[in-house]
Each structure stands twice: as C-alpha cells, then as structure tokens.
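Here is how the chains run, residue by residue.
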Amino acid sequence: MKISEIKERKVIHRPTFDFDRYGKRIYHAYEYYLPYNPGFKGNETQRLFAKWIDMALFSALFYYLFHENILISIGLSIPAVIISGSTTETYFGTTLGKKIFRMKVIDDEGNYPVFLHSLKRNLLCLANLFPLFTEYSSKTAAMGRRTGIQMNFRMHLNNKICTTYIVKESKMMEIKSILDGEHPKRLR
C-alpha cells in the first residue's frame, strides 16, 4: 500500500433552514473520502529554515576550515547541501536542519527515499529557492484596506514531483500503522 492511495473519511455537517420540534437546527451529514495528508501545517517555513541551517553549516565550514571567500563558501555550500542531504535522507530520513525541526522525509511507501530519488528531490529544491511574489489585501479597523506584496516559497514542488512527504517524527508511528492496515478510520 502507498500513502497516495490512502483515503480519509470525513463527515461534514451542514445546517439546513429547518428546525425540529424542540427548536434545534437540523443538519445534513455529508460523507467524503479525501486523500490522506501526512504533512503538517507550516512545513514550508520550517523546511526553508532547515535548508538555511544546512547551508549556513557548510558555508561556515568552507569559510573557516578552507579559508574561502564568503561568497564562494555560500556557492560551494549549495552542492554540498544537495549531496549530503541526499545521503543523510537515504540513511536517516533527515538532515541536520530537518532534525532540529523534528522532520523526516519519506517516500510513498513510508520508507526513507533511495539515494537517486533523494538526489532528484534535492536537485529540484533549487527551484524552491526562487520566491513567488503575490499581492494581498487586508482590511483593518484602524488602517482601512491595505494592499501589499507577499513573498511565498514553493517548498512543495520537489515533493510533489518525487512523491515524497515531509512529516513530523512523532507522526511516523501513525503512518506506519496506517500502511500496515491497523488503523480502522481509514479507507483504502
């Protein structure tokens, strides 16, 4: 079984215009089977900081140990992070930056990705470094309507292409039990 094949049962209660004889609103229950999402909210920001931590570590290594220029050290840290990230994700499911945020990388079967799969995933993370600028508007009582530009990183692109998932370490047991067929609330 694969994570992408797991469906999660959701029941949504929608109010109607009718009331029962006690004056309580009548609700209709709608049942949906949605794809299971093992990820977590806010993982894009944590992943970006984890990548920066990994790059800062290698930049400092090249700067202090090999006495390179700071710009050259930053440039050399990019391929070093890609290669070391692929290796550590294959064996441990995480990098140093991801370990700080307690995140793991798993493939569609719930295992750590193989080296070439992880290398492809880490090469595609270079596209994540280019931000997407969008316009937003907000309305406050004191300032009225304000518009501005917001910077977003597309940190999900490499996972979508490679069918990998970033999960919290604490959720690994739940994912393993679902994949083993021990979780009754899921439909396969």
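Preceding this paragraph is the structure being described.
Here's what I pulled together on the structure shown here. (Residues numbered from 1 in each chain as written. Predicted model: local features only at pLDDT ≥ 70, side-chain atom pairs only at ≥ 80, totals over all residues. Heavy atoms only, no water.)

### Points about the overall build of the protein
For the protein, the helix and strand inventory stands at six helices and seven strands. Counted from the first residue to the last, the protein has its helices and strands arranged as β-β-α-α-α-β-α-β-β-α-β-α-β. Against the 2.2 N^0.38 benchmark of 16 Å for 188 residues, the protein shows a C-alpha radius of gyration of 22 Å, more extended than a compact globule. Each principal axis of the C-alpha distribution contributes one length, and for the protein these read about 80 × 55 × 25 Å. Across the 188 residues that make up the protein, the buried fraction comes to 32%. Approximately 12,400 Å² of the protein is accessible, and the part contributed by carbon and sulfur atoms is 62%. (Helix = DSSP H or I, 4+ residues; strand = E, 2+ residues; numbered from the N terminus. Rg over C-alpha atoms; globule rule 2.2 N^0.38 Å. Buried < 20%, exposed > 50% of the residue type's maximum accessible area, 1.4 Å probe, protein only. Areas by Shrake-Rupley, 256 points an atom, 1.4 Å probe, with all protein chains shown as cover.)

### Topic: helix 4 (residues 115-124)
Those residues of helix 4 that sit buried are Ser-118, Arg-121 and Asn-122. Looking straight down helix 4, one finds that the buried residues subtend no more than 95° of arc, so they occupy a single side. In this fold, the buried residues of helix 4 make contact with helix 1 (43-65), helix 2 (70-91), helix 3 (96-100), strand 3 (103-107), helix 5 (157-162) and strand 6 (164-168). (Arc of directions from axis to C-beta. Contact = heavy atoms within 4.5 Å.)

### Looking at the packing of aromatic side chains
According to the stated counting rule, one finds three aromatic pairs in the structure shown. Ring geometry for Phe-62 and Phe-66: centres 5.8 Å apart, planes at 35°, overall tilted. Classification of Phe-66 as partly exposed rests on a relative accessible area of 48%. Ring centres of Tyr-63 and Tyr-64 lie 4.9 Å apart, and the angle between their planes is 80°; this geometry places the pair in the edge-to-face category. What makes Tyr-63 partly exposed here is its relative accessible area of 34%. Overall, the relative accessible area of 62% leaves Tyr-64 in the exposed class. The lysine or arginine in question, Lys-168, covers the ring of Phe-40, its NZ or CZ lying 4.8 Å from the ring centre. (Phe/Tyr/Trp six-rings, centres within 6.5 Å; stacked < 30°, edge-to-face > 60°. Lys NZ or Arg CZ within 6 Å of the ring centre and 35° of its normal.)

### A few points about the environment of Ser-137
Within the fold, Ser-137 resides in strand 4 (residues 132-140). Its relative accessible area of 46% is what places Ser-137 among the partly exposed residues. Ser-137 sits 59 residues away from Ile-78 along the chain, and the two C-alpha atoms are 35 Å apart.

### Description of the nonpolar core
Judged by nonpolar contacts, Ile-3, Ile-6, Tyr-36, Ile-106, Tyr-165, Val-167, Met-172, Ile-175, Ile-178 and Leu-179 together constitute the single largest core of ten residues. Looking at this core, the elements that each hand over two or more residues are strand 6 and helix 6 (172-179). Considering every element that reaches this core, the biggest residue donor is helix 6, with four residues. (Core = buried A, V, L, I, M, F, W, Y, C linked by side-chain atoms within 4.5 Å.)

### Notes on helix 2
With 22 residues, helix 2 extends 30 Å from end C-alpha to end C-alpha; this agrees with the ideal 32 Å at 1.5 Å per step. Residues Ser-73, Ser-77, Ala-80, Val-81, Ile-82, Gly-85, Ser-86, Glu-89 and Thr-90 constitute the buried set of helix 2. Among the structural elements, helix 1, helix 3, strand 3 and helix 4 are those in contact with the buried residues of helix 2. In the segment just after helix 2, Gly-93 is the residue with positive phi, at about 80°. (Expected span 1.5 Å × (residues − 1).)

### Quick notes on a nonpolar patch on the surface
On the surface, Tyr-63, Tyr-64, Ile-70, Leu-71 and Ile-74 cluster together to form a nonpolar patch covering roughly 530 Å² of accessible area. Broken down by secondary-structure element, the contributors of at least two residues to the nonpolar patch are helix 1 and helix 2. Per-element tally for the nonpolar patch: the top contributor is helix 2, with three residues. Summarising the element assignment, Tyr-63 is placed in helix 1. (Patch = residues over 30% accessible without salt bridge, like charges linked within 9 Å, V, L, I, M, F, W, Y side chains within 5 Å. Salt bridge = Lys/Arg side-chain N within 4 Å of Asp/Glu carboxyl O.)

Read these as spatial facts, not as claims about activity.
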